[in-house]
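An overview of the molecular structure
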Amino acid sequence: MNVQKKEGFFMSSIPQRLAALRAAMEAAGAAAYLIPTGDPHSSEYLPDHYNSRAYFSGFTGENSTLVVTRTASALWADGRFFVQAEKELAGTEIELMRMGEPGVPTVEQYCADALQEGEALGLCGLTASCKLVRSLQKLLDPKGVAVKTLNLEDELWTEGRPPLPATPAWLLPAEYAGATPAEKLARLRKKLAELGCTAQMVGKLDNLAWLLNLRAMDIACTPYAMAYCFVTEGEAVLFINAARLSNEAKAELAAAGVRLAGYDEVLPFLAAYSAKQTVLADPDSVNYAVFSALENNPALTVKALADPLLPMKGVKNPTELAHTRECHIRDGVAMVRFQKELE
């Protein structure tokens, strides 16, 4: 969502939003608040619902982070967006931090310098990856500064916020995927056993799309469905709004041993889970709230390892290779036709 273009739709201005954020921070006991560019699945491109950083700052670029303290605020942008950020932040109090430039502190260092012993940094545990929070804690813990998981974005962004994506979801047929969900789950379980694990928390949408052949259009130009999956030796639990799936998709998932649960049920499910499991969770792709729920459950032993689905997905089967070659042929024809028309 481009907040700048839709500014007239909102009743509040950026200064008013920052003032409301500071009031909420004070009430929650946070001396600073961090809003990353992120959703619960560490996606590169976000559903509009999770564009909180743009709502509170007015900056509509990518790969940026907003930090607001009691008296100051700063936004980190990379070199692709320096000019855009200058224009979109103009007229606000927000200081532009040009990432990678000499003398510019990192987000972690800025937070450590701004906070004192006994204070807390607030953030939403669902939109911050475990990797990000751990990098913050390396500098905050020695100073006696706590990281407090809040969700002030949901509390404050009530005007014009796009709803959670809920596009129809379906399963890609095996004739295109080259393997069924049951076959891919069996491969994953074999790999988990090799890694000394009995379960995995799958949070990355592209990996989950490959694992279950799950498709939707929750993110623009990207065929993913917002969902989680908890895979054990005996079953897999897919956290998604079941109403989005056709009866055929539900039946195929059930045949593969996949049980459905609500998207918002993931944290209560992990907190109440009682069977002993050694769970693989990738800190790069599992959000902090989910990772913490795993770590705080005494029945679960967490192994922080790289997601094995990434290399598994990267090795294409014969069906995928054949379709990839066909796509290249079609793309080549389209390019030649375009060049001829242009000439």
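So, a few notes on the structure that sits alongside this text. All of these numbers come straight from a predicted model, not from anything done at the bench.

Turning next to the overall build of the chain. Looking only at helices and strands, the chain has 14 helices and 14 strands in total. The C-alpha radius of gyration of the chain comes to 22 Å, within 12% of the 20 Å expected for a compact globule of 343 residues. Overall, the C-alpha framework of the chain stretches about 65 × 60 × 40 Å when taken along its three principal axes. Put simply, the chain has 343 residues, and 49% of those count as buried. When contacts within the chain are restricted to residue pairs at least 6 apart in sequence, long-range pairs at least 24 apart make up 68% of them. If you average the places of the 33 positive and of the 41 negative side-chain charges in the chain, the two averages end up 4 Å apart.

With that settled, the discussion passes to the side chain of Asp-78. Here Asp-78 shows up in the loop between strand E3 (73-77) and helix H3 (82-89). Within polar-contact distance, the side chain of Asp-78 engages the side chain of Asn-63 at 2.8 Å. Polar contacts involving the side chain of Asp-78 include one to the side chain of Arg-80, which spans 2.8 Å. For Asp-78, the residues in contact, after removing those within four places along its chain, are Asn-63 and Met-99.

What follows covers the sheet that holds strand E13 (residues 277-281). The mixed open sheet is built from six strands, whose spatial order is E12-E11-E10-E8-E13-E14. Because the sheet does not close on itself, it has two edges, and the strands there are strand E12 (258-261) and strand E14 (300-304). Averaged over all pairs of adjacent strands, the angle between strand axes in this sheet comes to 20°, irrespective of strand direction. As paired elements, strand E10 (residues 228-232) and strand E11 (residues 236-239) share four bridges and run antiparallel to each other. Residue pairing in the sheet places Cys-229 in a bridge with Leu-238 of E11. On top of the sheet, helix H8 (residues 181-194) reaches strand E8 (199-202), E10, E11, E12 and E13; it is set at about 65° to E10, its chief contact. Each of E8, E10, E11 and E12 is contacted by helix H9 (residues 205-212), which is oriented at about 55° to E10, the strand it contacts most.

With mixed pairing, six strands are arranged side by side in an open sheet as E4-E3-E2-E1-E5-E6. Looking at the sheet topology across the chains shown, the edges are occupied by strand E4 (95-98) and strand E6 (146-150). Direction aside, neighbouring strands of the sheet carry axes that sit 25° apart on average. Pairing geometry for E3 and E4, over four bridges, is parallel. Considered in E4, the bridge of Leu-75 is made with Leu-96. Across the sheet, H3 lies against E3 and E4, angled at about 170° from E4, the strand it touches most. Relative to the sheet, helix H5 (residues 130-140) contacts strand E1 (32-36), strand E5 (120-124) and E6, its axis offset from that of E5 by approximately 180°.

A word on the layout of surface pockets. To find leftover empty space, a probe the size of one water molecule is rolled over the atoms. Its volume calculated, the largest pocket comes out at about 770 Å³. Lining the largest pocket are 32 residues; nearest its centre among them are Pro-36, Thr-37, Asn-63, Ser-64 and Thr-65. Only helix H4 (107-114) and H5 provide two or more residues apiece to the lining of the largest pocket. Top element by residues in the lining of the largest pocket is H5. It accounts for three residues.

Calculation criteria
- Residues numbered from 1 in each chain as written.
- Predicted model: local features only at pLDDT ≥ 70, side-chain atom pairs only at ≥ 80, totals over all residues.
- Heavy atoms only, no water.
- Helix = DSSP H or I, 4+ residues; strand = E, 2+ residues; numbered from the N terminus.
- Rg over C-alpha atoms; globule rule 2.2 N^0.38 Å.
- Buried < 20%, exposed > 50% of the residue type's maximum accessible area, 1.4 Å probe, protein only.
- Contact = heavy atoms within 4.5 Å.
- Lys, Arg positive; Asp, Glu negative; His and termini not counted.
- Charge placed at Lys NZ, Arg CZ, Asp CG, Glu CD.
- Polar contact = N/O pair within 3.5 Å; in protein donor to acceptor, adjacent residues only side chain to side chain.
- Pairing = 2+ DSSP bridges.
- Axes fitted to C-alpha atoms, helices over the stretch in contact; angles between N-to-C directions.
- 1 Å grid on protein atoms, 1.4 Å probe; cavity = no way out; pocket = protein on both sides within 12 Å on 5 of 7 lines; lining within 4 Å.
- Points joined across faces, edges and corners; volume = space filled by probe spheres on them.

As far as function goes, none of this settles anything; it's purely spatial.
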